[in-house]
Amino acid sequence: MLKPIISLVLALGLSAPALADTLQLREDAPQRYVVKKGDTLWDISGKYLKSPWKWPQLWRMNREQIKNPHWIYPGDVLYLDYENGQPILRIGSNRTVKLSPQVRSTPLDEAISMIPAKAIEPFLKRPLLVDDTADYERAPRLVATQENRVILSTLDPAYATGLTSAGTWQAYRLGRPVVDPDSKELLGHEVIYGGDLLVRKLDAVSSLQVGKVNEEILVGDRLAKKAEHEDLQYIPHEPPAELQGKIVQSVSGVNEIGQLYSVVINRGRREGVEIGHVFGIYRAPKLISVENNGQKQQLAMPSEQLGDLIVYRVFQKASYALVLRSSQSVMVGDRIAAPQ
């Protein structure tokens, strides 16, 4: 067996008996697995664990390692081992590498992603949610076009105020409100993303040129600086047991939500939601009529888990998540809680 490159330490605060109680390997978990291009961390987790969100326990990760893990690359070899009677996953490589402290030369974007990247890429580098309308009102704004056009097209010139730097800026405006179904609190406004504009000259009134149109770019749209990079590399892990919420909207606007669809949940940074949190999806229990001693009673059937979702972007009061698995259509209003 190749000497492991990574041997992560036990630091989750779980004792060996606790690990035995919570960590269940699949009967067909491979002793050795070579990571292939196109694999996702979620898929690999599912090869080893009945509960893929318990991946950190198998690697013995502490919380800092969950946030800044050692990445897995195509060609790496995963070895299932045991330490003090408990399963642990280690990593080696088919490639020739120098086993000494150094900065890894392999680009991070070649590491395997947590989930299918194409499912969430459109939502990673653009504004999605406005938490505070006061911030929206203070944001840079498109103020004019040549020939007094209201709607801009690709390569059209445009003018804006409030820009602080050169580069690419994204046009957006307020869309539908996101409201908590229980408290009726306004959690924010979804954003209508118009497209990208490139700064040609930075000034009090800056000159720009339209680079890409997504929907419509309008005079009056606000502008946000385009993110250069959004990290797709993160680890699936369980939320605290007390952290629960609801699905409040589907990003696509459909009523019946399927696998690899994005949703908005009514929990965010202030409640402790993190990128990589995996929640179970639960349907409100059905009521059934039961006769008992000649009297009819309404009883609630058990609430069963119908799927899982993973959080990939977090805002102050709400978050965006991807449905990873569903045994039936997911609905707005379904409850989210720790997965079972």
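Look a little higher up for the structure.
Since we're looking at a predicted model, the values are computed, not measured.

So, how was this worked out
- Residues numbered from 1 in each chain as written.
- Predicted model: local features only at pLDDT ≥ 70, side-chain atom pairs only at ≥ 80, totals over all residues.
- Heavy atoms only, no water.
- Pairing = 2+ DSSP bridges.
- Helix = DSSP H or I, 4+ residues; strand = E, 2+ residues; numbered from the N terminus.
- Axes fitted to C-alpha atoms, helices over the stretch in contact; angles between N-to-C directions.
- Patch = residues over 30% accessible without salt bridge, like charges linked within 9 Å, V, L, I, M, F, W, Y side chains within 5 Å.
- Areas by Shrake-Rupley, 256 points an atom, 1.4 Å probe, with all protein chains shown as cover.
- Salt bridge = Lys/Arg side-chain N within 4 Å of Asp/Glu carboxyl O.
- Buried < 20%, exposed > 50% of the residue type's maximum accessible area, 1.4 Å probe, protein only.

A. Representation of the sheet that holds strand β19 (residues 305-314) in the model. Here we have six strands rolled up into a closed barrel, ordered β13-β15-β20-β19-β16-β22, and antiparallel in their pairing. Going from strand to strand, the sheet's axes swing by 45° on average, the running direction of each strand aside. With three bridges connecting them, strand β13 (residues 245-250) and strand β15 (residues 262-265) associate as antiparallel partners. Counted as the bridge partner of S250 is V263 from β15.

B. View of a nonpolar patch on the surface. Together, I288, L299 and M301 line one region of the surface with nonpolar side chains, adding up to about 230 Å² of accessible area. Among the secondary structure elements, L299 is positioned in strand β18 (residues 295-300).

C. Expanded view of the pattern of salt bridges. Applying the stated criterion to the full structure yields 21 salt bridges. D28 is the salt-bridge partner of R26, the closest N and O atoms lying 2.9 Å from each other. Taking the relative accessible area as the measure of exposure, R26 reaches 34% and is therefore partly exposed. Judged by its relative accessible area of 52%, D28 is exposed. Its salt-bridge partner being E27, residue K50 comes within 3.1 Å of it at the nearest N-O pair. Placement of the pair is K50 in the loop between α2 (41-48) and α3 (55-59) and E27 in the loop between α1 (16-22) and β1 (32-34), with a sequence separation of 23 residues. Residue E27 is classed as exposed on the basis of its relative accessible area, which comes to 70%. Each of R60, D81, E83 and R90 takes part in one network of salt bridges that share partners.

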